[in-house]
Every structure is written in C-alpha cells, then in structure tokens.
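Take a look at the letters that make up each chain.
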Amino acid sequence: MTGLLGPAEIRELAARLGVAPTKKLGQNFVHDPNTVRRIVAAAELTPADVALEVGPGLGSLTLGLLAAAGHVHVVEIDPTLAAALPATVADRSPEAAGRLTVHHADALRITGAELGQPAPTALVANLPYNVAVPVVLHLLAELPSLRTGLVMVQKEVADRLVAGPGSKTYGIPSVKLAWYANARGAGKVPPNVFWPVPNVDSGLVAFTRHEPPRADVPRKRVFAVVDAAFAQRRKTLRAALAGWAGGAARAETLLRAAGVDPGARGESLTVEQFAAIAASAPPAPDRAE
Ligand SMILES: C[S@@+](CC[C@H](N)C(=O)[O-])C[C@H]1O[C@@H](n2cnc3c(N)ncnc32)[C@H](O)[C@@H]1O
C-alpha cells in the first residue's frame, strides 16, 4: 500500500486547501498510515469489492481502500474536501484514479440511485462521530447490495453497536444493527492517530449482513416497538409499550401473544423478540410505523 498520507502530508494538504477541521462535521483526520493499513486489513476487501467510504476527508483511508477494492465510492459533505480528493488520488495513486467516484452529498440522505453503479458491497469508513449510528442504519436500509462493513466510531458507540441483550450498553443502536447484521468489535484505536486529537477513544466495528430475523413484519413496525421500549428504559415492557399499544392492558395482551414476559424490560430482549411483539399487533393508523 503506497502513497498513504502521514502527519506532515496531512497538515500540508490541509494548509494548501485552507481546511480548518470543524467539530460540527466531526473532522478528525487519520494521519497514521498504520491505522489505515489496520482498517483496510480488518475490512477483508478483495478486488471484487466495491467499497463505500463516508467522509473521505483529506483521503487518508481512501488511498488505502483503492489499493484493496476494485472500486471506491466516497460521500463527502464538505465541498472543499470533496473537490480536492480526485487531485490527491491522481497525485499519490494515479493508476487508481479511474476507480474512484466522488459524491458531494450528505450520507444521511444519499440514495442507492444517486450512488449508482457499481453498487457498493462494503462500507468502510472513519465515520463522522456525531452522525455515525444514523449513517450506518440509513445505508443498510438504502443499499441492499451492502454485505459487509468495517467502521470506526467513538469507542462508547462501538460498545453500544455490538452489545447483546442483558448488557448495560445494549440499546436502540444494538437492536437496530442486529436487525440487519451480525456485528462484532474489531479493536480499539487511540486518539493520537488523528489530527486534531479527539478527547475520546475510538473503536472498530465489523458487521456482516444477514437476512432480517422475520420476513413477515415490516422493519419500521419492529423499530417503532424498539424505540418505545427503550424510550423508558427502566420501565417494564407493559408500561413502556402502553402508548404504542393503546393502553397497558392491551400491551400486556400483545406481549403475552408474542411469548414475552410483560414484566421484563427492553434491555433483556433479542431482536427476534422485538419482531415477535411487532408481529402480534395488527398495523394501526394511530401507531407510528
Ligand atoms: C472523522 S472524519 C474522517 C476523515 C477521513 N476518512 C480520515 O480518516 O482521515 C469524518 C469526515 O466525514 C465528513 N462528514 C461529516 N458529516 C458528513 C455527512 N453527513 N455526510 C458525508 N460526509 C460527512 C467530514 O467532512 C469529514 O471529512
């Protein structure tokens, strides 16, 4: 993997472009080639893969991805960074320039049609931390072609994404990601690999898509149950789902029909159990779908 950007190159590139990293856009750039190699290795890409990178920034990870995947799509919201990337790649990895597609867009809104062909198979990204979870969930919903992922997020968020039922960190992100994929932690990353240095540790999360646990219940209906159950985390499901079900008695009936203890809490339920609860209730116009 040649042409990767080190600390001097990152600063020089930023200075030349007049880029002052902003917190608002989660701009912490990786200036450590070993971390880029580690992320690319953990992503297990082959030349048959089409990588999707959200937030390429100055291009640190993009250059590593181009060395491993057949094609790379990047989605960058910052117009200066999006405009500068093709020249960086042409300069440092000229043979890869034709395998890169740059989209100046918001990853929270981009559609599969906008990304176009070739369809992405692997999400590999050092995500903007303030929108990391919604970006992952949006892309999994929007892009059925996405089979695998390796994302760097705030360590605390990584722990939540991979948590299982019964764990203190298990919550909405854990259940929703489990709807789409099997996720596992893939290691911790220290703050000093970034410029500017963030005040949190980072973590890597790897995931592999699976079939949804239930084909007969719409995802949105399951996610509405999950949101309601965790909105009042300390309450029993009977109480927490009262608003969703149209009363505590009705919630109790639906929970029993789903084979779930009404006295349990959301934090102990698997994604399959949330789906069973959603399946026990017919869609109602007054219920958020
Ligand atoms: C943590 S930096 C990662 C930069 C680069 N990949 C690296 O590792 O050095 C996050 C990047 O995401 C971009 N970004 C922030 N919000 C975004 C959004 N909603 N859609 C697309 N890109 C976004 C930022 O401008 C920034 O370039």
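Residues numbered from 1 in each chain as written. Predicted model: local features only at pLDDT ≥ 70, side-chain atom pairs only at ≥ 80, totals over all residues. Heavy atoms only, no water.

Looking up the protein chain in an unreviewed UniProt entry gives the name Ribosomal RNA small subunit methyltransferase A, with the organism given as Micromonospora pisi. Under the heading Sequence similarities (unreviewed entry), UniProt records this for the protein chain: "Belongs to the class I-like SAM-binding methyltransferase superfamily. rRNA adenine N(6)-methyltransferase family. RsmA subfamily." UniProt lists a comment for the protein chain under the heading Subcellular location (unreviewed entry), and it reads "Cytoplasm". (UniProt positions renumbered as here; feature names shortened; annotations may be inferred.)

**Student:** Break down the confidence of the model for the protein chain for me, with residues and values.
**Tutor:** Summarising the model, the protein chain shows a mean pLDDT of 96, and 98% of its residues fall at 70 or more. The complex model carries a pTM of 0.96, and its ipTM stands at 0.99. (pLDDT = per-residue confidence, 0-100.)

**Student:** Before we move on, could you go through the site of the ligand and cite the residues and values that matter?
**Tutor:** Near the ligand, the surroundings consist of 22 residues, among which Val30, Gly55, Glu76, Asp106 and Asn126 are the closest. Between Gln27 and the ligand, the recorded distance is 2.9 Å, taken from a side-chain N or O atom to an oxygen atom. Here the ligand has 600 Å² of accessible area as a free molecule, and 98% of this is covered by the chains. Those elements giving two or more residues to the shell around the ligand turn out to be β1 (29–30) and β3 (71–76). Residue composition of the shell around the ligand, by class: 11 nonpolar, seven polar and four charged. (Near = heavy atom within 4 Å. Polar contact = N/O pair within 3.5 Å; in protein donor to acceptor, adjacent residues only side chain to side chain. Areas by Shrake-Rupley, 256 points an atom, 1.4 Å probe, with all protein chains shown as cover. Helix = DSSP H or I, 4+ residues; strand = E, 2+ residues; numbered from the N terminus. Nonpolar A, V, L, I, M, F, W, Y, C, P; charged D, E, K, R; others polar.)

**Student:** Quick rundown of the UniProt feature "binding site: S-adenosyl-L-methionine" (unreviewed entry) in the protein chain? Include the residues and the values.
**Tutor:** UniProt's feature table lists "binding site: S-adenosyl-L-methionine" (unreviewed entry) at Asn28, Val30, Gly55, Glu76, Asp106 and Asn126, given in the numbering used throughout. Tracing the backbone through its elements, the reader meets Val30 in strand β1. With relative accessibility at 7%, the residue Val30 sits in the buried group. Among all residues touching Val30, those that are not within four sequence positions of it are Ile10, Thr35, Val36, Ser60, Asn126, Met152, Val193 and Phe194. Secondary-structure assignment places Glu76 in strand β3. On the accessibility criterion, Glu76 (5% relative accessible area) is buried. (Buried < 20%, exposed > 50% of the residue type's maximum accessible area, 1.4 Å probe, protein only. Contact = heavy atoms within 4.5 Å.)

**Student:** Residue-level account of the sheet that holds strand β7 (residues 181–189), with values.
**Tutor:** Within the open sheet, the seven strands sit side by side as β4-β3-β2-β5-β6-β9-β7. Their pairing is mixed. If you trace the sheet from one side to the other, it starts and ends with β4 (100–104) and β7, each paired once. Looking at each pair of strands side by side, their axes are set apart by 20 degrees on average, direction ignored. In this fold helix α4 (residues 79–92) packs onto β3 and β4, with an angle of close to 170 degrees to the strand it touches most, β4. Packing against the sheet, helix α8 (residues 172–180) makes contact with β7 and β9 (202–209), and its axis sits at approximately 125 degrees to β7. (Pairing = 2+ DSSP bridges. Axes fitted to C-alpha atoms, helices over the stretch in contact; angles between N-to-C directions.)

**Student:** Describe the domain arrangement of the protein chain, and please don't skip the residues or the numbers.
**Tutor:** When the parts of a complex come together, some accessible area is lost, and that lost area is often taken as the interface size. For the protein chain, the assigned domains are domain 1 (7–209) and domain 2 (219–280). Each of domain 1 and domain 2 has a C-alpha centre, and the two are 34 Å apart. Contact with domain 1, which involves 13 residues of that partner, is made by 15 residues of domain 2. Summing both partners gives a buried area of about 1,100 Å² for domain 1 against domain 2, and 70% of it is carried by carbon and sulfur. On the domain 1 side of the contact with domain 2, Tyr170, Lys176 and Trp179 bury the most area, a combined 46% of that side's loss. The salt bridge partner of Asp227 is Lys176, with a shortest N-O separation of 2.8 Å. Put simply, domain 1 and domain 2 have six residue pairs in polar contact (both at pLDDT 80 or more) between them. For the side of domain 1 that touches domain 2, the residue count by class is eight nonpolar, three polar and two charged. (Domains from an automatic or database assignment. Buried area = accessible area lost by both parts, 1.4 Å probe. Salt bridge = Lys/Arg side-chain N within 4 Å of Asp/Glu carboxyl O.)

**Student:** Give me the side chain of Asp78: which residues, what numbers.
**Tutor:** As for its placement among the helices and strands, Asp78 is situated in the loop between β3 and α4. An unpaired buried charge is present at Asp78: no salt bridge exists, and Lys24, the closest side chain of opposite charge, is 9.3 Å distant. A polar atom in the side chain of Asp78 sits 2.9 Å from the side chain of Gln27. Not counting residues up to four positions away in its chain, the partners in contact with Asp78 are Leu25, Gln27 and His104. (Lys, Arg positive; Asp, Glu negative; His and termini not counted.)

**Student:** Now, about helix α2 (residues 33–43): what can you tell me, with residues and values included?
**Tutor:** Among the residues of α2, Thr35, Val36, Ile39, Val40 and Ala43 are the ones counted as buried. Along the axis of α2, the buried positions cluster into a sector of 135 degrees, meaning they face one direction only. For α2, the exposed residues set more than 90 degrees away from the buried face come down to Asn34 and Ala41. Each element contacted by the buried residues of α2 is listed here: β1, α3 (60–68), β5 (122–126), β6 (148–154), β7 and β9. Residue Glu44 follows α2 closely and has a positive phi angle near 50 degrees. (Arc of directions from axis to C-beta.)

**Student:** Tell me about the pairing of strand β2 (residues 50–54), residues and numbers included.
**Tutor:** Put simply, side chains in a regular strand alternate between the two faces of the sheet. Here β2 lies mainly inside the structure; five of its five residues are buried. Burial along β2 is two-sided: the face carrying Val50, Leu52 and Val54 and the face carrying Ala51 and Glu53 are both buried. With five bridges joining them, β2 and β3 adopt parallel strand pairing. Opposite Leu52, over in β3, you have His73 as the bridge partner. In this fold, the crossover linking β2 to β3 by way of α3 has right-handed handedness. (Right-handed = clockwise from strand over helix to strand, strands pointing away.)

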